[in-house]
Amino acid sequence: MSNGTQGVEQSGWPLTTHDRHWTQWQLFVVLLVAASATWCYVIGEYVGYYLNLKMGFAAMTAGAMIGMLLVALAVVPVATRYGVDSIAAATPQFGSRGWIFTVFLQYASIVGWNSLLLIFFGKSVAQLLTILGVTTADSAGIVVRLSTALACVAVFLVLLRGATGLERVAKVLFFFIVGIGAWMAWLLLTQQADAIAAAKPAYASGSLQWDYVTGVEIGIVSLLSWWPYIGAMVRESPNAHTATLPAMLGMGLPVPLLSLVGLAAILALEVSDPSAWMVQLGGTTYGIIALMFVIAANLGTTFAGVYATGIGLRQVPGLSKLPWSVIILMGLVPVFAVGMFIPDLFFSNFGTFLAFIGVFFAPLCAIQIVDYFFLRGQRINIRGVYERGEGSPYYYWGGFNPAAIIGMAAGFGTYLYLLNPVSYASHTPYEYVTASLPTALVGGLVYLVVTLLVVKPAGKGDYP
Amino acid sequence: MASQGLDPQLERRIAELENEANQGAGFTPIDWFWLISLGVVGPALLLYWGWQS
């Protein structure tokens, strides 16, 4: 590990204010590129199953901004005060061994999403080459695998330069993603206005209130999934002020705006994938533009995801001193293996796992917010984050904080009672309050009570 | 608290960040304004607007 900033950017160590040079604009660009990917169309598609364009846009955007607020409050203050990522920021709550749970959440979530995005990427390349007459539809399977492999190599080469490589690629992708994304939205909303206005949501429940709240819930839970990503990037900014608007507008707002494209498309054309409906609207040329957009957007998000995973893995004992190239490979090899050997199986089944993983982020954010703002007076023991042994500030009991474990379990149980994340079967009061917000409230409240009644009186956790 | 054999560079970084003057500042009043506007008030207004069909 070098002693320069470049080496430190690739470590899990805290960045001092001398190392943190990203401006608001640089952070905005990186966060926007990280947030913009194929999943936006999927989010829009899901909302379009229940709501029309106006209600869907309002519910989805409101939910997304609420979700982004929770993530921003949970991660940004700690990450920017001490220059640490999401995983290190969660150590004071989960304990000097319990933080491994957050590493699992981050690793499983990001590797899973990256696999899906790169398979999407491979499928888009296969479609593009077929449209151009370079390959035939029969060879799509091979093209998907080869494209995934090439994308993995590209991600590896870019991320060898750490955050600097990420930031430079983001600058290139930014204008492409914003420009083409806005153009596609304009195209769809102007050419298909009548079809959108006349469209009926395919799976409307019969209760407009339930459908509306479900639109909000989809927005919240989608944005809560930014928790594993955001810390590694906002820690590059010198203070919370520099990161606030980039987080809310760069990472929060692009998702509902791009999802609007998926929402409008599913209502008007009954398909959300732009590489399919753009051909319908403008023929081959439009289809090629859409495919290039999907390729660029998914690649940008994968860069950010693998970088965030690498920084998170650095916290694991034994991995902190491995070469950065090996760390990147640990985030990429599972993605490569999925893309090579089980792309279709993964595509069909992994969504269920990701849905359950996503449920954990609401109580996790609430626990961090309660701990940092209400219990610790907006300070943590930065030394305690890196000391693991018995007697260290966040050792609690055997390295685990029971308040966090019970809070997470209470939150998870609350969510499952209110809403099954796979079948969407719900229980009252879901139709009034969503599932994520009560989950966050219960998780945070349980954490607060157990901390005040058990942890603090026992002198554990280095509370003031 | 003993340093428990931390890497010297990590130790140097921690020592620097333990000094409050070297930490990044928290949210300013303007940041709170944006957080509340974009994360609470804005969503509430959007939901009201969306429901008026």
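Residues numbered from 1 in each chain as written. Chains lettered and ligands numbered in written order. Predicted model: local features only at pLDDT ≥ 70, side-chain atom pairs only at ≥ 80, totals over all residues.

### Considerations on the overall build of chain A
No. 1: A tally of regular secondary structure across chain A gives 21 helices and zero strands.
No. 2: The globule rule puts the C-alpha radius of gyration for 464 residues at 23 Å, and the 22 Å found for chain A is close to it.
No. 3: Counting over 464 residues, chain A shows a buried share of 59%.
No. 4: The long-range fraction of contacts in chain A, counting pairs at least 24 apart against all pairs at least 6 apart in sequence, stands at 84%. (Helix = DSSP H or I, 4+ residues; strand = E, 2+ residues; numbered from the N terminus. Rg over C-alpha atoms; globule rule 2.2 N^0.38 Å. Buried ≥ 20, exposed ≤ 12 C-beta atoms within 10 Å, placed from the backbone. Contact = placed C-beta atoms within 7 Å.)

### Some thoughts on the overall build of chain B
No. 1: Scanning chain B for helices and strands turns up two helices and zero strands.
No. 2: For the C-alpha atoms alone, the extent of chain B along its principal axes is close to 65 × 20 × 20 Å.
No. 3: Looking at the 53 residues of chain B, the share that counts as buried comes to 26%.

### Considering the confidence of the model for chain A
No. 1: Per-residue confidence for chain A averages 89 on the pLDDT scale, and 97% of its residues sit at or above 70.
No. 2: Contacts for the low-pLDDT stretch residues 1-6 of chain A, under 50 throughout, to residues beyond four places or in other chains number eight contacts. (pLDDT = per-residue confidence, 0-100.)

### Section: the interface of chain A and chain B
No. 1: Listed as interface residues are 36 residues of chain A and, on the opposing side, 31 residues of chain B.
No. 2: Ranked by the residues each element gives to the side of chain A that touches chain B, the list is headed by helix 4 (residues 53-82) of chain A, at 15 residues.

### A few points about the packing of helix 11 (residues 227-234) of chain A against helix 14 (residues 274-313) of chain A
Residue and element names in this part refer to chain A.
No. 1: One can describe the packing of helix 11 onto helix 14 by two numbers: an axis separation of 8 Å at closest approach and a directional angle of 80°. Classified by the interaxial angle, the pair formed by helix 11 and helix 14 is roughly perpendicular. Residues P228, Y229, A232 and M233 of helix 11 form the contact with helix 14, whose own contacting residues are A304, G305, Y307, A308 and I311. (Axes fitted to C-alpha atoms, helices over the stretch in contact; angles between N-to-C directions. Parallel < 35°, antiparallel > 145°, perpendicular 65-115°, else oblique.)

### Focus on helix 1 (residues 8-18) of chain B
No. 1: Residues B:R13, B:I14 and B:L17 constitute the buried set of helix 1 of chain B. Taken down its axis, helix 1 of chain B places every buried residue within 100° of arc, on the same side.
No. 2: Looking at the packing, one finds that the buried side of helix 1 of chain B touches helix 4 and helix 18 (382-386) of chain A. (Arc of directions from axis to C-beta.)

### Some thoughts on the nonpolar core
All names here are of chain A.
No. 1: Judged by nonpolar contacts, the single largest core of 170 residues is most densely connected at V71, V75, L224 and C365.
No. 2: It is helix 4 that provides the largest number of residues to this core, a total of 21 residues.
No. 3: Those residues in contact with C365, other than ones at most four positions away along the chain, are L70, V71, A74, L224, W227 and A440. (Core = buried A, V, L, I, M, F, W, Y, C linked by C-beta atoms within 7 Å.)

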